[in-house]
Amino acid sequence: MVAVSFNNVWKDYGDSVAVRDLNMNIKDGEFVSLLGPSGCGKSTSLRMLAGLEHITSGEIVFGDKVVNQLPPKDRDIAMVFENYALYPHKTIFDNIANPLKRAKISPSEITRRVNEAAKLLEIDHLLERRPQELSGGQKQRTAIGRAIVRQPQVYLFDEPIAHLDAKLRARMRSELKHMQFNLGVTTIYVTHDQLEALTMADRIAVMNDGVLQQFGTPQEIYENPVNSWVATFVGEPQMSLMEMSMTGEKGDAALDFFGNIISLDAASSSRLTKAGIADLLVGVRPDKASVSLQETPGAIKAEVYSRQLLGADVLVEVAIGKTRVRAKADTSFMGNVGEPCYLNFSSENLYYFNAEDGKVVER
Amino acid sequence: MTIGSEKNIHPALSDQDWGYATISQTPTSVNPNPKKWFYFYLAAPAIILLAAITIYPFFWLIYMSFHKVGFGAVSDVFVGLKNFSRLFSDAKFIAGWGLLLKYSAICLTIQVLVGVALAVVLNNSRYEKPLITMFLMPMMVSPVVAGLLFYYLYNGTFGWYHWIFQSLGILGETSILGNSSTALYGIILVDVWQWTPLITLITLAGLKRVPQDQLEANMVDGAGSISNFFHISLPNIYPFLLIAILLRFMDNFRFIDAILVLTGGGPGNSTRLLPVYLFDVSFQFFKLGRGAAIAISLLIVTIILGMILVRVLEDPARKSTLAGDSDS
């Protein structure tokens, strides 16, 4: 149980930079999720924490100790790998016992602790089997058993439940979260699945292209994304972005969206006039936009592009020129592809980004 | 179309003979009868050749082992199991087995230890490719040529190895092959020189396939590189290693060329391994019946040992035993 920090950490492989100037302070006992698309440097960051990858420059600190030069065995960490990395020639018992055996703990203590971990994970009836005889979920729990059997300072998870089926994944999410809460060990969890990050993490570090984009609580990330990339990456269904420009004088400022004038509420108006940015990227989350076949005051004329049933509601994608906007509608929405429709949203629910660099417009 | 009428079940079949059409509808993996013989004719030359060079002599060998084989006008005499029973009182036969087992055991032990060590050092080294090419050269040399090469290297007057051994104080005046207590080791060295690279090569292929994530998981579990080798690499290369051992041990059991060149079985009987004795009995004394009995004893032991090795190879439970999992 220890705080973990990245201080100006860089990692490059010859010409290509995998991680660029990473700075992050993870508190003792915190559950942090590294979220990003594949190849964004999140796994590399985790492997640098584990000591499986050398860092090009900067320092990684556990507590108050710089661990740059420490081999994995001296870092007191436990890691769960994406493909579990179980030892096929060992029984499940020996797989889970491996870290204890490496630490030269007495056999009776090993038996006790392995049985305890196995019982917790409900794999105690499988201890005599070998990994190849187990299902994906059982393998995954064995891999977690190997991590929790020893009380390490830090848990590292590298997409541990990515290969499970959807139902099992949902169950493992809550079990992992529960277990981490009980053990109180600092945990760093790599995932490309934003749902995993949003549901489990105390704080999320969103990465793209080797750069840390934003580090904050799931709510902060969802409600106040720092740039348009984070805004569109987090949230399902995805946020839509629209190119708009400012019109009107101070006091009655409004947005021009391909000739449609969108009036602003007081807060947005003062925020945008203060920033004084002419070209904006305006985001709207599908559940804050509505679409109907009848014209309503202030609505934007659009055309139905596609209609997807989500179960409880319908995701409608509408086209306004070349821009597409997703909106959630009631299942009673019956617009066909190509049919005219009317898009409506309120300016309080919009996200404003600078069209030039994608950064959020300051409040 | 009436369903009951067999002829009209499928319109495509209506004007064809019912039975034949069914066959042509089945997947090609089920051989239609007319084609079966065609495949047999294709394979026949190979089968006949194989029968001529292995199966026929094999039965001839069994026939010989029950007879006192005569030459020219003298006809074969059936002697029952006498050829076999006499072997148990044959001191040279028993000594030959002892020498063969000792020779094989020492050869395999050295080859496996050195071969695996070399493979571990070579794996991912900068010089892996040029060095492995160099190591392969001994394997390409014919055993007789290897024997001749070492014959000169061991020579008591100008042999280079002889000089080295003498300088190190291992040998006295007599050459390594001239002394009945060292001759066997001289022959072992030839085999080690020639065949250790094979073990290295096979082990290296195995090491390339050790999953990186298992090595990494073990490192995170607190292991160093030595533990990584014994707990992860070795169990993973174990099947490869066993195949290498199987190949080498079967080869050792019919090893004769270099011995004939180097010592011919001497001095005394100190290098008269069973295959050499078999050669002597059959082709020096022309007792082909007894020779056949010795050959069959060799064959049976080779098959049994081979089967044991294969059994071990297939049994996953043994893998972890070898991995030294009981090290807590």
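Residues numbered from 1 in each chain as written. Chains lettered and ligands numbered in written order. Predicted model: local features only at pLDDT ≥ 70, side-chain atom pairs only at ≥ 80, totals over all residues. Heavy atoms only, no water.

### A few points about the overall build of chain B
Looking only at helices and strands, one finds 14 helices and two strands in chain B. Of all 328 residues assigned to chain B, the portion counted as buried reaches 41%. Put simply, 63% of the contacts in chain B that link residues at least 6 apart link residues at least 24 apart. Total accessible area computed for chain B in this model is approximately 18800 Å², and 70% of it derives from carbon and sulfur atoms. (Helix = DSSP H or I, 4+ residues; strand = E, 2+ residues; numbered from the N terminus. Buried < 20%, exposed > 50% of the residue type's maximum accessible area, 1.4 Å probe, protein only. Contact = heavy atoms within 4.5 Å. Areas by Shrake-Rupley, 256 points an atom, 1.4 Å probe, with all protein chains shown as cover.)

### What to know about the nonpolar core
Residue and element names in this part refer to chain A. With 104 residues, the main nonpolar core has Ile60, Phe62 and Leu156 as its most contacted residues. Those residues in contact with Ile60 that lie beyond four places of it in its chain are Ser5, Phe6, Val9, Met48, Leu49, Ile55, Lys65, Val66, Val67 and Asn68. Listed in part, the 43 residues of the second largest apolar core include Ile96, Leu134, Leu176 and Ala201. (Core = buried A, V, L, I, M, F, W, Y, C linked by side-chain atoms within 4.5 Å.)

### Things to note about the confidence of the model for chain B
Residues and elements named next belong to chain B. Considering every residue of chain B, the mean pLDDT works out to 81; 85% of them sit at 70 or more. Confidence, read as mean pLDDT per element, is least for helix H14 (residues 316-322) in chain B (47) and greatest for helix H4 (residues 91-122) (91). The low-confidence segment residues 1-9, where pLDDT is below 50, has seven contacts with residues more than four positions distant or belonging to other chains. Residue range residues 318-328 is modelled with pLDDT below 50. Its contacts to residues more than four positions away, or to other chains, number 23 contacts. (pLDDT = per-residue confidence, 0-100.)

### Observations concerning a nonpolar patch on the surface
Residues and elements named next belong to chain B. Side chains of Ile55, Phe58, Phe59, Leu299, Ile303 and Met307 sit close together on the surface and give an oily, nonpolar patch of about 560 Å² of accessible area. Where the nonpolar patch is concerned, the elements lending two or more residues are helix H2 (33-65) and helix H13 (288-314). One can find Phe58 in helix H2. Exposure remark for Phe58: the relative accessible area of 36% places this residue in the partly exposed category. (Patch = residues over 30% accessible without salt bridge, like charges linked within 9 Å, V, L, I, M, F, W, Y side chains within 5 Å. Salt bridge = Lys/Arg side-chain N within 4 Å of Asp/Glu carboxyl O.)

### Let's talk about the domain arrangement of chain A
All names here are of chain A. In terms of domains, chain A is made up of domain 1 (4-233) and domain 2 (240-354). The gap between the C-alpha centroids of domain 1 and domain 2 is 39 Å. Each side of the interface is counted separately: domain 1 has seven residues, and domain 2 has six residues. When domain 1 packs against domain 2, close to 570 Å² is buried across both sides, 62% of that on carbon and sulfur atoms. The three residues of domain 1 that bury the most area against domain 2 are Tyr222, Ser228 and Ala231, which together make up 65% of that side's buried surface. Run the count over domain 1 and domain 2 and you get zero salt bridges. Of all the secondary-structure elements, those providing two or more residues to the side of domain 1 that touches domain 2 are helix H7 (218-223) and helix H8 (228-233). (Domains from an automatic or database assignment. Buried area = accessible area lost by both parts, 1.4 Å probe.)

### Quick word on the domain arrangement of chain B
Residues and elements named next belong to chain B. Structurally, chain B comprises domain 1 (18-83) and domain 2 (87-322). When each unit is reduced to the centre of its C-alpha atoms, the spacing between domain 1 and domain 2 is 34 Å. Listed as interface residues are nine residues of domain 1 and, on the opposing side, 10 residues of domain 2. Of the roughly 760 Å² buried between domain 1 and domain 2, counting both surfaces, carbon and sulfur atoms make up 80%. When the buried surface of domain 1 facing domain 2 is broken down by residue, Leu61, Phe71 and Asn83 rank first, second and third, together holding 57% of it.

### Re the packing of aromatic side chains
Centre-to-centre distance and the angle between the planes together describe a pair of aromatic rings. Applying the stated criterion across every chain, the model contains 25 aromatic pairs over all chains. On the numbers, 5.6 Å between centres and 80° between planes, the contact of Phe150(B) with Tyr161(B) is edge-to-face. With Phe150(B) in helix H6 (residues 143-153) and Tyr161(B) in helix H7 (residues 160-167), this pair connects stretches of sequence that are 11 residues apart. Assessed through its relative accessible area of 22%, Tyr161(B) is described here as partly exposed. Members of the aromatic cluster, each reached through a chain of ring pairs, are Phe150(B), Tyr154(B), Trp160(B), Tyr161(B), Phe165(B) and Trp193(B). Of note, Arg285(A) hangs over the ring of Tyr222(A), and the distance from its end group to the ring centre comes to 3.9 Å. Over the ring of Tyr305(A) we find Arg324(A), and its NZ or CZ is 3.8 Å from the ring centre. (Phe/Tyr/Trp six-rings, centres within 6.5 Å; stacked < 30°, edge-to-face > 60°. Lys NZ or Arg CZ within 6 Å of the ring centre and 35° of its normal.)

### What to know about the sheet that holds strand E5 (residues 65-66) of chain A
Paired through backbone hydrogen bonds, the strands of a sheet run either parallel or antiparallel to each other. Residue and element names in this part refer to chain A. Judged by pairing direction, the sheet is antiparallel, and its four strands sit side by side in the order E2-E1-E4-E5 without closing on themselves. Only two strands of the sheet have a single partner each, and these edge strands are strand E2 (16-26) and E5. Summarising the sheet, strand E1 (residues 4-13) and strand E4 (residues 57-62) pair through five bridges and their orientation is antiparallel. Following the sheet pairing, Phe6 is matched in E4 by Ile60. Against the sheet, helix H1 (residues 42-50) makes contact with E1, E2 and E4, and its axis sits at roughly 115° relative to E1, the strand it touches most. (Pairing = 2+ DSSP bridges. Axes fitted to C-alpha atoms, helices over the stretch in contact; angles between N-to-C directions.)

### Some thoughts on the interface of chain B and chain A
Chain B puts 23 residues into the contact, and the matching count from chain A is 25 residues. The contact between chain B and chain A buries some 2000 Å² in all, and 55% of this surface belongs to carbon and sulfur atoms. Counting every contact that joins chain B to chain A gives two salt bridges. Measuring nitrogen to oxygen at the nearest pair gives 2.7 Å for the salt bridge that ties Glu216(B) to Arg47(A). Along the contact surface separating chain B from chain A lie nine residue pairs in polar contact (both at pLDDT 80 or more). For the side of chain B that touches chain A, the elements supplying multiple residues, two or more each, are helix H9 (212-220), helix H10 (225-252) and H14 of chain B. Here the element with the most residues in the side of chain B that touches chain A is H9(B); it accounts for seven residues. Considered class by class, the residues forming the side of chain B that touches chain A number nine nonpolar, nine polar and five charged. (Polar contact = N/O pair within 3.5 Å; in protein donor to acceptor, adjacent residues only side chain to side chain. Nonpolar A, V, L, I, M, F, W, Y, C, P; charged D, E, K, R; others polar.)

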